[in-house]
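Take a look at the letters that make up each chain.
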Amino acid sequence: MFRSIFFFATLFLLFFVGNLYATSYYVSTASSGTASADSWTNKKIITSLDWTQLHGGDTVFVDGGTSGTTYNFIRIDGITPSSTVVITKGKETSHNGVVYFSPSGGYSSNYCALRVSNSSHLKITNMTFNWGFSAVSDGGVLEITNSSSYIQLDSCHFISNGYSNVVWVATSTYVSLTNNLIESLSNAINSDQDIIDFVEDGGGHTITGNTIIARGTNATPHIDLIQFCCNSGHTNYYLTTIANNFMFAVRNSGVSNNQGIYVDGSESHRFLIYNNIIAINTPMTSALTLTQYSPYHVSAQIYNNTIISKSHYTFEALNLDTLIVKNNICIIDSSPNTISVIGLGASGLGLGGLGYKSFDYNQYFQRGNPIRIDTGTYYHTTWAQWKALGYDAHSDTGI
């Protein structure tokens, strides 16, 4: 009995003592008082905050004023606390207005709203990041780069007017995007504007509970909702989870560079994709594409999604190690007779290009056409032939 009491008392003291060292910092567009950042009275201008002094458990409160405050380009570089530091807007009535971060220059000159570089264990929450001026970015509104890890973006609003990608993650691992609104505004700008772009990616990410909308209509630029690309060569095989998101792309053009989830790079990944709504309005584009290149390994488990394409595959999977597809609703919402509802394998390989594969309890619909599955490039397998191969035994077609 005594040992139990001693154990819990020690645990409580350790927790309490740990919290004694947690510090709150108060930053704004200008300093006041002693500028020690220990209160709103002594707030420090955000550009003078020494980010390297932050420790796990600390919180940085950013002044939102009473009706909103705008900050220009901020860089957080080389911050690696042992546990999470929170960066959020102020709580008090006179400081809890909307916090806006906006770039202060165009290409190659402070060209994002916030850049996190070579850092870890940061949670950025309850703020707005906006690309609002007419200059092209070569990155994103918010950038996470240079081997950063364990970065959380939660309950934020990310906006591009079409001159920039939105969230850009490069050479980083374990990035979480949760409960955010991530969007491009209506525009016809000829500039790449991927909504979430993972470049030379390390994997291990969590993308859950977000609303992701691409409203660009120009036929030329690259406009994917979530893209993994660009050949990092990593073999981490970390699990990336994409769940409970609403994803929609507005553009209606004949160019196939406007996908929902697009995975195409020389690197290894595991994906768990479930409970999403993915809708694509571009006729020549799949809503979901997953590709594996030798000698790398990609596997995917896809459950309980509603996947809607205009007139191309609802999803396409090429040469994966493992593919499990169950309890999904897959819809082609037009009537081309040259396409099947899903595309598998690759030219010359067909189903042989896939390792372990399992399909069941899915619902398929293609307006004006019977259901077919491509088991190679445009190799149409009828629904009866597909089921005879042992797939989708309990699945159905139609509405």
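Things to note about unusual backbone geometry
Phi is positive for N179, close to 60°, though the residue is something other than glycine. Here N179 lies in the loop between β15 (173–178) and β16 (181–184). Even without a glycine there, the phi angle at Y237 is positive, about 60°. Tracing the backbone through its elements, the reader meets Y237 in the loop between β20 (226–229) and β21 (239–243).

Things to note about the sheet that holds strand β36 (residues 380–382)
What the 12 strands build is an open sheet, ordered β5-β8-β11-β14-β17-β20-β23-β26-β29-β32-β35-β36; its pairing is mixed. The sheet is open, and its two borders are formed by β5 (74–77) and β36, each paired with just one other strand. Here the average twist between neighbouring strands, direction ignored, is 15°. Bridge count for strand β35 (residues 372–374) against β36 is three bridges, and the pairing is antiparallel. Its bridge partner being in β36, D374 is matched across the sheet by H380.

Observations regarding the pattern of salt bridges
Using the criterion set out here, one finds five salt bridges in the structure. For the salt bridge of E143 with R115, the shortest nitrogen-to-oxygen distance reads 3.2 Å. Of the two residues, E143 is situated in strand β11 (residues 140–145) and R115 in strand β8 (residues 114–117); the sequence distance between them amounts to 28 residues. No difference in accessibility class separates E143 from R115, as the two residues are buried. Close ionic contact of D333 with R367 constitutes a salt bridge, the shortest N to O distance being 2.7 Å. You can see D333 sitting in the loop between β31 (329–332) and β32 (342–344) and its partner R367 sitting in the loop between β34 (363–366) and β35, a full 34 residues away along the chain. A residue is classified by how much of its surface remains accessible, and D333, at 36% relative accessible area, is partly exposed.

Some thoughts on the environment of H380
Looking at the secondary structure, you find H380 in strand β36. Classification of H380 as partly exposed rests on a relative accessible area of 29%. In this structure, the C-alpha to C-alpha distance between H380 and I342, residues 38 residues apart in sequence, is 9.8 Å. If we ignore the near neighbours within four places in the chain, the residues touching H380 are T338, I339, S340, R372, I373, D374 and Q385. Separated by 2.8 Å, the side chains of H380 and S340 make a polar contact. Within the structure, the side chain of H380 is placed 2.8 Å from the side chain of D374, a separation counted as a polar contact.

What about the confidence of the model for the protein chain?
Per-residue pLDDT for the protein chain has a mean of 88; in total, 89% of the residues score no lower than 70. Across residues 13–18 the pLDDT falls below 50, and counting only partners more than four positions away or on other chains, this stretch makes zero contacts in the model.

So, the pairing of strand β25 (residues 277–280)
Relative to β25, strand β22 (residues 246–249) runs parallel, the two being bridged by four bridges. Bridge pairing links F248 to A279 in β25. In terms of strand pairing, β25 meets strand β28 (residues 306–309) through three bridges, oriented parallel. Bridge pairing in β28 places I278 opposite I307.

Focus: the packing of aromatic side chains
Under the definition given, this model contains 13 aromatic pairs. With a centroid separation of 5.2 Å and an interplanar angle of 10°, the aromatic rings of F129 and F158 are classed as stacked. With a gap of 29 residues between them, F129 in strand β10 (residues 128–131) and F158 in strand β13 (residues 157–160) connect regions that are remote in the sequence. Judged on exposure class, the residue F129 and its partner F158 are both buried. Three or more aromatic residues joined by ring pairs make a cluster, and in this case those are Y71, F101, F129 and F158.

Concerning the sheet that holds β16
Each strand in a sheet pairs with another by means of backbone hydrogen bonds, the pair being arranged parallel or else antiparallel. With parallel pairing, 12 strands are arranged side by side in an open sheet as β4-β7-β10-β13-β16-β19-β22-β25-β28-β31-β34-β37. Because the sheet does not close on itself, it has two edges, and the strands there are β4 (69–71) and β37 (396–397).

Details of the nonpolar core
In this structure, F129 and L344 are the most contacted members of the largest nonpolar core, which totals 86 residues. In this structure L344 touches F315, A317, L323, G350, L351, L354, F359, I373, D374, T375, G376 and W386, once residues within four positions along its chain are discounted.

A look at the environment of G132
Turning to its location among the elements, G132 is positioned in the loop between β10 and β11. Residues G132 and P103 lie 29 residues apart in sequence; the distance between their C-alpha atoms is 8.2 Å.

So, the pairing of β21
Where a strand is regular, its side chains alternate between the two sheet faces. Most of β21 is tucked away, with four of its five residues classed as buried. Across three bridges, strand β18 (residues 206–208) lies against β21 in parallel orientation. By the bridge assignment, I207 is partnered in β21 with I242. Pairing of β21 with strand β24 (residues 269–274) involves five bridges; the strand directions are parallel. Among the inter-strand pairings, I242 is bridged to a residue of β24, identified as I273.

What counts as what
- Each chain has its residues counted from 1, following the order in which its sequence is written.
- The predicted origin of the model limits local features to residues at a pLDDT of at least 70 and limits the giving and counting of side-chain atom pairs to 80 or more, whereas totals for whole chains, interfaces and linings rest on all residues.
- Only hydrogens and water are set aside; all other atoms, that is, all heavy atoms of the structure, feed into the side-chain values.
- The numbering of helices and of strands both runs from the N terminus, where a helix is a DSSP run of H or I of at least 4 residues and a strand a run of E of at least 2.
- The criterion for strand pairing is that DSSP finds at least two bridges linking the strands in question.
- To get an axis, a line is fitted to the C-alpha atoms, and for a helix only the part in contact is used. The angle between two axes follows their N-to-C directions and goes from 0 to 180 degrees.
- Whenever a carboxyl oxygen of Asp or Glu lies within 4 Å of a side-chain nitrogen of Lys or Arg, that contact is scored as a salt bridge.
- The buried label applies to any residue whose accessible area, calculated with a 1.4 Å probe on protein chains only, is under 20% of its type's maximum; exposed applies above 50%, and partly exposed to all values in between.
- For this analysis, residues touch if any pair of their heavy atoms sits within 4.5 Å.
- Think of a polar contact as two N or O atoms within 3.5 Å of one another; within protein, one of them needs to be a possible hydrogen donor and the other a possible acceptor, and neighboring residues in sequence only count if both atoms come from side chains.
- Confidence scores here are pLDDT values: one per residue, from the predictor, ranging 0 to 100.
- Planes of paired rings set the category: under 30 degrees apart is stacked, over 60 is edge-to-face and the rest tilted, where pairs are Phe, Tyr or Trp rings (Trp by its six-membered ring) whose centres lie within 6.5 Å.
- Buried Ala, Val, Leu, Ile, Met, Phe, Trp, Tyr and Cys residues that are joined via side-chain atoms within 4.5 Å together make up what is termed a nonpolar core.

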